[in-house]
Amino acid sequence: MSVSLRRVAARCALALLLAGAAPALAAPLPTAFTYQGRLVEAGQPATGTYALTFRLFDAETGGAQVGPTLVVPGVVVTQGVFTVTLDFGPVSWTQARWLDVTVGATLLSPRQPVTPTPAALHAASAASAPFSGLTGVPSGLADGDDVGLTSVPWSIVQNRPAGLDDGDNDTTYTAGTGLALTGTTFSAKGTPLANLVTVAKSGGDFTTIQAAVDSITTAGVGTPWLVYIAPGTYTERVVLKDYVSLRGAGPGITVISAPNGGSGPATVSGANGSTVSYLTIEANGFGGARVVGYYTGTAAVDTTLDHVWISVTDASSMAAVEARGVVLDVRDSQLRSTGFGGQTAIGLDHYEGTVRLVQSDILVSATTVGGQAILTSGYQVHVEGGRLDAFSSNSTGLSVHGVLIYAGEVFLNGVRIRSGGGQQAIGVKAGALLGGVVLVDADVQASGGGQPAVGLAGPGIIQVRNSRISAAVAADPDGGSIRAAHSMIDGTLAAPITCIGAYDAAFAARTCP
């Protein structure tokens, strides 16, 4: 097929962007132009549909291609004449350009020059128009430069968006939840929280807990303060002030850990009217003499542990809690004491006052020397729910006790008590110097050890109702008094006890003895 482009006429709407020649917001000119040509095939004007390809070059032969390759399929040619719209994008037209045309797979030669229209020629000459000949020049640009120009009158800006003709967009502001609005300024609603300081690794009022506590000087009855502790581990010892409380982000999330190990004050020392909640307290003795997780002194009245995990370990003597205050409440918490070698492990070491444990667990583990979930010589201990566990892995060491009572009154309601191992495992042992021990809906089990395990042991007074006592020796009054009503007595009796409605593990009635 012999194809040639006999005659080409190009009409292009070209314009040059002239600096300062038009307002900044004038609409840009389009980059497309109309191209008309004449196609001859085999010496005759062509008629039909053809696929044409156009490329723009900066030279008549050779040179570099300018812009993209345009493929125009389905071009209708009638009596040799065709018209297409070409758009090579924002290419520069300040230099001569030639059009390379391909019909199907046939490249036509020579390239066709692209010539500007008279309007484009005028635009090119306008590039050299004197600045003084321009109209609508903003104030400050009349001298040809922008020195001293600080603003442009809004009225001369063209193509202003709808709603901005008056210079503003009539914006309205509405304060959302927790925000206050004054004019166009937002602020947090309300006043800052009173009697509150924060501790955080960064961004808080303080980076250490003790510094936050020390900063409080107005705490008292009716004006308690709270120190909120953000997530993280804080290696320090903390001594609280009266009516100053600590609250963390949650057990295992906020952690207070005693530094350096060895003997020393407790990790946290409570104070009158103080509450410690939602955090973890740790103390590692690293083989030292004694460690304590939480301590209350004799002046501490109404102290509370709420959702607190306490863990102490590796000292000759250790206690998760040492209570010497008037009243201590422990709620939904866990006390853990772990001893190694010749170390004595105690969960709650109660010396004075009243302690109330509600739905809390005490877990004690020892190896050579014994341990007690609760060791008390104070006034009263009340336990509601939870579990008390004491275990030793050495059958030749000292005895382990779920509860060991030297003096005072103890009430165990709905609690599970487990004791195992050691020289002897004892569930509950009541000393002679006490008001009595009362178990209601309790479950006491003792097992293992070098000697037969004992569920309940005297010589104190023990009363049992609606409970289960299970051990090799279920009860050993040891000269004291044990009375059981409507309870399971699973094991032998070392001496007679008083019982009503007692039954064994097979739910068969039994007598005592």
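Refer to the structure printed above.
Here the structure is a predicted model, which means the values were calculated and not measured.

Novice: Can you help me understand the overall build of the protein in this one?
Specialist: Assigned secondary structure in the protein consists of two helices and 38 strands. In the protein, 65% of the contacts between residues at least 6 apart in sequence involve partners at least 24 apart.

Novice: Hey, could you run me through a nonpolar patch on the surface in this one?
Specialist: Where nonpolar side chains cluster on the molecular surface, the patch consists of Y173, L179 and F186 and spans about 270 Å² of accessible area. Tracing the backbone shows L179 in strand β10 (residues 179–182).

Novice: Sorry, what's going on with unusual backbone geometry here?
Specialist: Excluding glycine, residues mostly have negative phi values, and the peptide bonds linking residues are mostly trans. Looking along the chain, the bond that leaves S109 and enters P110 is cis, with omega of 5°. Within the secondary structure layout, P110 lies in the loop between β8 (106–107) and β9 (112–114). Going from G458 to P459, the amide bond is cis rather than trans, its omega being 20°. In this model, H307 sits at a positive phi of 55°, which is unusual for a non-glycine residue. With respect to the element layout, H307 can be found in strand β20 (residues 303–323). According to the relative accessible area criterion, H307 is partly exposed, its value standing at 27%.

Novice: Teacher, can you tell me more about the environment of A271 here?
Specialist: Tracing the backbone through its elements, the reader meets A271 in the loop between β18 (268–269) and β19 (275–296). With relative accessibility at 6%, the residue A271 sits in the buried group. Expressed as a C-alpha distance, the spacing of A271 and V301, which sit 30 residues apart in the sequence, is 7.3 Å. Apart from the residues lying within four places of it in its own chain, the contact partners of A271 are L240, K241, D242, A300, V301 and T303.

Novice: Is there a simple way to explain the environment of S92 in this structure?
Specialist: Within the fold, S92 resides in the loop between β6 (81–86) and β7 (97–103). The spatial distance from the C-alpha of S92 to the C-alpha of V66 is 8.7 Å, given a sequence separation of 26 residues.

Novice: How do you make sense of the state of the cysteines when you look at a structure like this?
Specialist: Per the stated rule, a full pass over the model turns up one disulfide. Disulfide pairing places C499 opposite C512 at an S-S distance of 2.0 Å. In this structure, the disulfide formed by C499 and C512 twists by about 110° around the S-S bond and is classed as right-handed. Separated by 13 residues along the polypeptide, C499 in strand β38 (residues 498–500) and C512 in the segment after β38 bring together distant segments of the chain.

Novice: Hey, could you run me through the side chain of S487 in this one?
Specialist: Assignment of secondary structure puts S487 in the loop between β36 (481–485) and β37 (488–493). Residue S487 is classed as buried on the basis of its relative accessible area, which comes to 0%. Among the polar contacts made by the side chain of S487, one reaches the main-chain carbonyl oxygen of A485 at a distance of 2.9 Å. In this structure, S487 is in contact with V464, R465, N466, S467, G501, A502 and Y503, ignoring residues within four places of it in sequence.

Novice: Quick question: what am I supposed to make of the pattern of salt bridges here?
Specialist: One side chain can pair with another of opposite charge once the charged atoms of both are near each other. Overall, the coordinates contain 11 salt bridges when judged by the stated rule. When the shortest N-O distance is used, the salt bridge between E322 and R324 registers 2.7 Å. Judged by relative accessible area, which is 25%, R324 ranks as partly exposed. The partner of D389 in a salt bridge is R416, with the nearest N and O atoms 3.1 Å apart. Taken together, the positions of D389 in strand β28 (residues 387–392) and R416 in strand β30 (residues 416–421) put the pair 27 residues apart, joining distant regions of the chain.

Novice: Sorry, what's going on with the packing of aromatic side chains here?
Specialist: Working definition: an aromatic ring pair is given by the centre-to-centre distance plus the angle between the planes. The full count for this structure, using the stated rule, is four aromatic pairs. Seen in terms of ring centroids, Y503 and F507 are 5.6 Å apart; in terms of plane orientation they differ by 15°. Their pairing is stacked. Aromatic rings pair up to connect Y35, F54 and F82 into one cluster. Stacked on the ring of Y234, the Lys or Arg K201 has its end atom at 4.4 Å from the ring centre. One residue, R324, lies across the ring of Y351, its end atom 3.7 Å from the ring centre.

Novice: Please clarify how the pairing of strand β13 (residues 225–229) should be interpreted in this entry.
Specialist: Regular strands place their side chains on alternate faces of the sheet. What you see with β13 is a clean split: W225, V227 and I229 sit on the buried side and L226 and Y228 on the side with no burial. As paired elements, strand β12 (residues 196–199) and β13 share four bridges and run parallel to each other. Paired with V199 across the strands is I229, a residue of β13. In this fold, the crossover linking β12 to β13 by way of helix α2 (residues 209–214) has right-handed handedness. Pairing geometry for β13 and strand β16 (residues 244–247), over four bridges, is parallel. Bridge pairing in β16 links L226 to S245.

Each value, and the rule that gives it
Residues numbered from 1 in each chain as written. Predicted model: local features only at pLDDT ≥ 70, side-chain atom pairs only at ≥ 80, totals over all residues. Heavy atoms only, no water. Helix = DSSP H or I, 4+ residues; strand = E, 2+ residues; numbered from the N terminus. Contact = heavy atoms within 4.5 Å. Patch = residues over 30% accessible without salt bridge, like charges linked within 9 Å, V, L, I, M, F, W, Y side chains within 5 Å. Areas by Shrake-Rupley, 256 points an atom, 1.4 Å probe, with all protein chains shown as cover. Salt bridge = Lys/Arg side-chain N within 4 Å of Asp/Glu carboxyl O. Buried < 20%, exposed > 50% of the residue type's maximum accessible area, 1.4 Å probe, protein only. Disulfide = S-S within 2.5 Å. Polar contact = N/O pair within 3.5 Å; in protein donor to acceptor, adjacent residues only side chain to side chain. Phe/Tyr/Trp six-rings, centres within 6.5 Å; stacked < 30°, edge-to-face > 60°. Lys NZ or Arg CZ within 6 Å of the ring centre and 35° of its normal. Pairing = 2+ DSSP bridges. Right-handed = clockwise from strand over helix to strand, strands pointing away.

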